[in-house]
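Chains, contacts and geometry: an overview
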Amino acid sequence: MADYDRRHGGGGGGGGGGGGGGYNNKKRRYRDDNDDYDRRDRGDRGGSHQRRRYDAPPPHVRVRKQLIAIAENPMKPWHEEISGIANLFTDNWDDELLRGNFVDLILQLAVEQPLKTPFLAGVVLVANTNKPEIVDMLLEKLTRLVETRVGEGEWRDVKLYLKLAACLQGLLDGDGLFPVLEELFSRAVDLQTTNSEDTIGTELVKIILLTLPYVMAASSPDQWQQKAADLMEKTEIIASEPHALQALIEPWHPEASEEHPAQSQSLIMLLQTQLQSEANSGWALSCLPRPWEFPLGEVEQQSKLASAPKHALPTIRIPRTVVAGPKPLFPEVFISVYGQQEVESVPPTTTAASSLIRDALLDTINILHVNRHVTARQLVEVDCYFAPRTFAARATPFDRLRDIERPKSTWKPEDVAVDAVFSQLFLLPNPEHKLVYYHSVLTEACKLAPAAIAPSLGRAIRYLYRNAPRMDFELSVRFMDWFSHHLSNFGFTWKWTEWVDDVELSDLHPRKAFIIGAIEKEIRLSFAQRIRNTLPEPLKPLVGPEKEKDVPEFKFAKDDTPFAAEGREIASLLKKKAPDEEIDAVIQRIQSLAIDREIDALVASTDVFVTCVLYVGSKTLSHVLAAIERTKDRLLDAGAASDAARTQIIEAVMSYWSVHPGVAICIIEKLLNYSILFPATVINWALINRAGKSRGGDLALAHIYELVFNTVVKVTGRVRQVVVKSNQPDSMVDDEARDAEIKGMRSIFAAIEDALTSWATGSKDEMIESGDGDSERERLVQRWGQRWLRVFRRRAAIEEAFLAEAVKEKERRAAFAAEQAELAASAPTAPAEVVGDAAANLQGEVGAGDLST
Amino acid sequence: MRGPRSTVERLDKPSAYFNNSRNKRRRFDKDQRDGDDDTSMQAEQREEDDPLKNATTLYVGNLSFYTTEEQVYELFSKCGEIKRLVMGLDRFNKTPCGFCFVEYYTHQDALDCMKYIGGTKLDERIIRTDLDPGFEEGRQYGRGKSGGQVRDEYREDYDEGRGGLGRAIAEREAQEKRRGHIEEGRLR
């Protein structure tokens, strides 16, 4: 029962009050931490009348609280809860404050806490039996909101408002929501016929398919079967067409040798088939909650609902031109970490439940980023928001699922919730929020219900680990980042013993590389000794004694290092903050010595100088940053002297901090900011020098990938910023500057492509020359080349898509504005507010959604 | 400008600590200014001159004394590139004393950090983040009597990551012990 405990603080509205109409005022007062209201209330009324202690809060406060907390309490029967709220509302109809707030709050909840939408609809349906006027008020506002959001391209809000409207299908006149869905479809067709790579049309079809089930669940099933069939016959054409960009966002990257590489299925294609099979079984849609269905004992209420007045849905005008909106749109594929199990612990992809529950959870997760505690709570309590018996009991151990007798459900609510979060963590090209948000949701869920969630995470981790070799490399690194971060929140405990056999694998094996990378990441969040103590004996050697040294050795301390004396001299000059001339003298000396020894003089002096700066700043990052700041002119000169010298700067940093690559990466990032290094320097060093020296082996190192990836993100982020700015009406960025940035980015991607292609095809000189007959090693290196190549080709393609979209979106917005202006001119009575909104929106950024992080 | 009250409490708002000390100041200012009691105008002003409106800096508290800059970088970089990190130091020893300031390049990164990192663990301690109007020289030092943070003076629990007992309490206990020894000695 602990899981059912209502927590107050976390959830804004907190827990609801007692069920139905029977309030125990005294108890409520003490139980609800509602002094917030008390203060406000006294303030507003100027203390004109002192309320007595046992007064219940006024109705508008109670309705608000109860609406916000709707369906959260599994002990409260739905029909009682919705009638309770509806009656409290209609009984206080004369309260103007309440009447106004009610509609607004319902519309707000629909887009802020979408799991609750069917229950809100239930309240409206009951209220309709008493005060039908309220429905007209609601529908009026709802339709205007849909129009505004369509204008803005806020497609998720459009979907969520339509979901509310769909749940009200039972009280709508005529065909209800169908004309709107058909109108949306005709836009989708227009878009798809003019452009095969269009993503807006795909998004529209997705919205239609996700709204339709709610329409069907909200009304008597056979009434709309024909309409639904007609609509689905149309969507079939678009939904079954594989999208051009789909290959790009595929999370799995199987090896060519894999016999049956499982292809992920596109989300809308799945939806279409799932709904088709629902249609064939008379739209049972057994997972959807129907709070408006009253138990048999309440015949009277049920017949009142049936005979309540119907309402016309005001026309929703969908503009001829629709915009993509602020979030970049991509086709989506379905991913689950609980596939291939002996007992199904999540809805199989053949059922509509799979998509409908996932969709509602994803909206919840992505909307509630403002409070991860609430997100986690709604996830842990997912069974409150779907039909009874959709899930197995909470916290049922996986091993027990097989004892459950059919037709009882074996779907574990924890697995369904965790799966949804992982699907975002592994979403390509990027999820809506920073990856760390999804980390934090899993952390909170695990804190909230450890006994239920932790085992589910464990099974997900095992699945991902097993499949690491065939996962897209970018996602595999995301998995590593999440895994180490997650462990850092839970005392670094993991059953490493399960994986000890893999220690024997080559460091180039993706699973071994995962272990090495994950441990490295753990150490970066903690310290070596701590992490070594969490590892079983066979893994301990992966954390060598050198890792325990906080400060690396200074190579010039040893006399047999070339330029040892000069190195020590420069270091002491730097420590003394000696004048530049004194350092110059030593550098001159190094350079002439180097010439005598027939080595590159600039490279030699750069290596000594940079190593000394690092040594002087070795105590903390602040120290090294200060040291760089003080010597940045000399570093700039050194870097500018030659490509080889510039590359040597990175070489010096990476080798000085080779044991703590996290520090090296940080330093290189700052050197890029100072333009001491260029992105191309990093690419060349990593993919040509470093990879070459290790005969490709270092392509398996997560931190080398991190370095390159961060550098690319920096470049693309910069381009996006410039493009977005230059698309604004009063742009200060001239086209030339913008085009220069774009050109720079393209040349970086070209350099990466060049370097990686030879690794990926096995044509790299270092690979051919070595010829040590180790074909397994060659195969692994080649595979790493392919994995890298795939990541950066995708990045390049996504940036090109972004650039193309930015141009198109600008045109679309112009067309949309013209249409609005035309409309405003032809109908002077058109609601000024809406037109104003649309026009204001034109000032907004084009494609501001940043997917570069 | 601002929309209706959210149905869910946001985690990227300044803490009660910041608001309280600010309101105290505000109240004080008002007393000084006298007269003008137009509350609506005050509310408007609050929007206008909110020092956290574009804040890019966070105060980070409840760190272990042993947590390094590198660890802070590692965690906080998950919300965006860090522009500057200032470790809180003991005024006298110049050793870390359990807090720091993290500055990002953008306000959004700072807000995201409030939402996604505040209240999670670093170095196995739940850390606290608070939006901050910006670091100023001098603020890196502890303001407690003995040089560290004030909260570490009178803390009664034993916190290994923060030097054991509160310093004032540890001092008092040591004194009592010494006195006890003497008294014991006398009895014998």
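Here is what the cut-offs are and how they apply
- Residues numbered from 1 in each chain as written.
- Chains lettered and ligands numbered in written order.
- Predicted model: local features only at pLDDT ≥ 70, side-chain atom pairs only at ≥ 80, totals over all residues.
- Heavy atoms only, no water.
- Helix = DSSP H or I, 4+ residues; strand = E, 2+ residues; numbered from the N terminus.
- Buried < 20%, exposed > 50% of the residue type's maximum accessible area, 1.4 Å probe, protein only.
- Contact = heavy atoms within 4.5 Å.
- Areas by Shrake-Rupley, 256 points an atom, 1.4 Å probe, with all protein chains shown as cover.
- Expected span 1.5 Å × (residues − 1).
- UniProt positions renumbered as here; feature names shortened; annotations may be inferred.
- Buried area = accessible area lost by both parts, 1.4 Å probe.
- Salt bridge = Lys/Arg side-chain N within 4 Å of Asp/Glu carboxyl O.
- Polar contact = N/O pair within 3.5 Å; in protein donor to acceptor, adjacent residues only side chain to side chain.
- Phe/Tyr/Trp six-rings, centres within 6.5 Å; stacked < 30°, edge-to-face > 60°.
- Lys NZ or Arg CZ within 6 Å of the ring centre and 35° of its normal.
- Pairing = 2+ DSSP bridges.
- 1 Å grid on protein atoms, 1.4 Å probe; cavity = no way out; pocket = protein on both sides within 12 Å on 5 of 7 lines; lining within 4 Å.
- Points joined across faces, edges and corners; volume = space filled by probe spheres on them.
- Nonpolar A, V, L, I, M, F, W, Y, C, P; charged D, E, K, R; others polar.
- Axes fitted to C-alpha atoms, helices over the stretch in contact; angles between N-to-C directions.
- Parallel < 35°, antiparallel > 145°, perpendicular 65-115°, else oblique.
- Left-handed = near helix turned anticlockwise from the far one by under 90°.
- pLDDT = per-residue confidence, 0-100.
- Core = buried A, V, L, I, M, F, W, Y, C linked by side-chain atoms within 4.5 Å.

All right, on to the overall build of chain A then. The number of helices and strands found in chain A is 34 helices and zero strands. A burial count over chain A gives 58% of its 853 residues as buried. Across chain A, the fraction of contacts at a sequence separation of at least 24, relative to all contacts at a separation of at least 6, is 75%. Summed over all atoms, the accessible surface of chain A reaches about 35,000 Å², with 52% contributed by carbon and sulfur.

A few words on the overall build of chain B. Across its full length, chain B holds five helices and six strands. Beginning at the N terminus, the succession of helices and strands in chain B can be written as α-α-β-α-β-β-α-β-β-β-α. Taking all 188 residues of chain B together, the buried fraction comes to 43%. In chain B, the proportion of contacts linking residues at least 24 apart, taken out of those at least 6 apart, comes to 64%.

The next subject is helix α11 (residues 225–239) of chain A. Residue and element names in this part refer to chain A. Here α11 is 15 residues long and its end C-alpha atoms lie 20 Å apart, about the 21 Å a rise of 1.5 Å per residue gives. Residues of α11 that are buried include every one of Ala228, Leu231, Met232, Thr235, Ile238 and Ala239, and no others. Those residues of α11 that are buried lie in contact with α9 (178–194), α10 (200–217) and α12 (267–280).

Attention now moves to the UniProt feature "domain: MIF4G-like type" (unreviewed entry) in chain A. Sequence positions flagged by UniProt for "domain: MIF4G-like type" (unreviewed entry) are, in local numbering, residues 347–537 and 554–800 of chain A. The span residues 347–537 of chain A is 59% helix and 0% strand, and its two end C-alpha atoms sit 40 Å from each other.

A few words now on the interface of chain B and chain A. At the junction of the two partners, chain B supplies 36 residues and chain A supplies 49 residues. Buried area between chain B and chain A, both sides added, is near 3,400 Å², and the carbon and sulfur share of it is 46%. Remark: the boundary between chain B and chain A carries seven salt bridges. Our enumeration of links across chain B and chain A arrives at 24 residue pairs in polar contact (both at pLDDT 80 or more). Residue assignment for the side of chain B that touches chain A shows that the elements contributing at least two residues are α3 (69–76), β2 (82–89), α4 (107–116) and β4 (121–122) of chain B.

Turning our eyes to something else, we now look at the packing of aromatic side chains. In this description, a pair of aromatic rings is defined by centroid distance and the angle of the planes. All names here are of chain A. Here the structure, examined in full by the defined rule, presents 37 aromatic pairs over all chains. Members of the aromatic cluster, joined through ring pairs, are Phe422, Phe426, Tyr465, Phe479, Trp482, Phe483, Trp494, Trp496, Trp499 and Phe514. Taking NZ or CZ as reference, Arg459 lies 4.1 Å from the ring centre of Phe398, over its face. In this structure, Arg634 is placed above the aromatic ring of Phe609, and the distance from its NZ or CZ to the ring centre is 5.6 Å.

Consecutive side chains along a regular strand alternate between the two faces of the sheet. Residues and elements named next belong to chain B. In terms of burial, strand β3 (residues 96–104) is largely enclosed, as eight of its nine residues are buried. As paired strands, strand β1 (residues 57–61) and β3 are joined by four bridges and run antiparallel to one another. The residue of β3 that forms the bridge with Leu58 is Val102. Summarising the sheet, β2 and β3 pair through six bridges and their orientation is antiparallel. Following the sheet pairing, Ile82 is matched in β3 by Tyr104. Hairpin remark: β2 followed by β3, antiparallel, with six residues in the connecting loop; positive phi at Lys94, about 60 degrees.

On to empty space enclosed by the protein. Residues and elements named next belong to chain A. Under the counting rule described, the total for this entry stands at 15 cavities of 30 Å³ or more. One number sums up the size of the largest cavity: a volume of about 80 Å³. Taken together, Phe334, Val346, Pro347, Ser354, Ile357, Arg358, Val416 and Asp419 make up the full set of residues lining the largest cavity. Of all the elements in the fold, those that place two or more residues in the lining of the largest cavity are α14 (352–367) and α17 (413–425). In terms of residue class, the lining of the largest cavity is built from five nonpolar, one polar and two charged.

This part covers the packing of helix α8 (residues 155–167) of chain A against α14 of chain A. Residue and element names in this part refer to chain A. Two numbers describe how α8 lies on α14: the axes approach to 12 Å, and their chain directions differ by 125 degrees. As far as their axial angle goes, α14 and α8 are oblique. Along this stretch, α8 crosses α14, giving a crossing that reads as left-handed. Along the contact surface, α8 presents Arg156, Lys159, Leu160 and Lys163, while α14 presents Asp359, Ala360, Asp363, Asn366 and Ile367. Taken together, the residues of the contact of α8 with α14 sort by class into three nonpolar, one polar and five charged.

Residue and element names in this part refer to chain B. Taken together, four strands build an open sheet; the order of strands is β2-β3-β1-β6 and the sheet is antiparallel. Of all the strands in the sheet, the pair left with one neighbour each is β2 and β6 (128–132). The mean inter-strand angle of the sheet, taken between neighbouring strand axes irrespective of direction, is 25 degrees. The sheet contacts of α3 involve β1, β2, β3 and β6, and relative to β2 the element is tilted by about 140 degrees. Against the sheet, α4 contacts β1, β3 and β6, and its axis sits at roughly 150 degrees relative to β6.

Turning our eyes to something else, we now look at the confidence of the model for chain A. All names here are of chain A. Summing up the model confidence of chain A, the mean pLDDT is 89 and the portion of residues at 70 or higher is 89%. Note on residues 1–48: pLDDT under 50 across the span, and 79 contacts to partners over four residues away in sequence or across chains. Across residues 830–853, where pLDDT falls below 50, the model places 45 contacts with residues more than four positions away in sequence or in other chains.

This paragraph deals with the packing of helix α30 (residues 702–726) of chain A against helix α33 (residues 775–826) of chain A. The packing of two helices is summarised by the inter-axis angle and the distance between the axes. All names here are of chain A. At a closest axis distance of 11 Å, the pairing of α30 and α33 adopts a crossing angle of 5 degrees. As the angle between them shows, α30 and α33 are arranged roughly parallel. Packed against α30, whose contacting residues are Ile704, Tyr705, Val708, Phe709, Val712, Thr716, Val719, Arg720, Val723, Val724 and Ser726, the element α33 presents Trp788, Val791, Phe792, Arg795, Ile798, Glu799, Phe802, Leu803, Ala806 and Lys810 at the interface. By residue class, the composition of the contact of α30 with α33 is 15 nonpolar, two polar and four charged.

Residues and elements named next belong to chain A. Note on placement: Gly617 falls in the loop between α25 (601–616) and α26 (621–641). When the C-alpha atoms of Gly617 and Glu255 are compared, they prove to be 45 Å apart, with 362 residues separating the residues in sequence. In this structure Gly617 touches His623 and Val624, once residues within four positions along its chain are discounted.

This part is about the nonpolar core. Counting residues in hydrophobic clusters, the biggest one holds 282 residues, and the most contacted among them are Phe422, Phe483, Trp496 and Trp788 of chain A together with Phe76 of chain B. With residues up to four places along the chain from it excluded, the contact list for Trp788 of chain A reads Phe473, Leu687, Leu699, Ile704, Tyr705, Val708 and Leu756 of chain A. Core analysis: the second largest hydrophobic core is formed by seven residues, Tyr59, Phe65, Phe99 and Phe135 of chain B among them.

Another point: the confidence of the model for chain B. Residues and elements named next belong to chain B. Across chain B, the average pLDDT comes to 83, with 79% of residues at 70 or higher. Scored below 50 in pLDDT, residues 28–45 shows three contacts in the model against residues more than four places distant or in partner chains. Scored as a whole, the predicted complex attains pTM 0.90, and scored at its interfaces, ipTM 0.90.

With that out of the way, let us pick up the pattern of salt bridges. Any two side chains of opposite charge can pair, given that their charged atoms come close. Residue and element names in this part refer to chain A. Inspection of the entire model under this criterion finds 82 salt bridges over all chains. In this structure, Arg478 and Glu474 form a salt bridge, with 3.3 Å as the shortest nitrogen-oxygen distance. Residue Arg478 and its partner Glu474 are located together in helix α20 (residues 473–489), separated by four residues, close to a single helical turn. Relative accessible area serves as the criterion here: at 5%, Arg478 is assigned to the buried category.

Turning next to the environment of Thr321 of chain A. Residue and element names in this part refer to chain A. If you trace the backbone, Thr321 turns up in the loop between α13 (299–307) and α14. With 454 residues separating them along the chain, Thr321 and Ser775 place their C-alpha atoms 57 Å apart. When near neighbours in sequence (up to four residues on either side) are disregarded, Thr321 contacts Arg812, Ala815, Phe816 and Glu819.

Looking now at unusual backbone geometry. All names here are of chain A. Note the cis peptide between Arg406 and Pro407, where omega equals 5 degrees. Relative to the helices and strands, Pro407 is located in the loop between α16 (398–401) and α17. For the bond running from Leu428 to Pro429, omega is 0 degrees, close enough to zero to count as cis. Within the secondary structure, Pro429 is located in the loop between α17 and α18 (435–448). One non-glycine residue with positive phi stands out, namely Ala71, at about 70 degrees. In this structure, Ala71 sits in the loop between α3 (59–68) and α4 (78–91).

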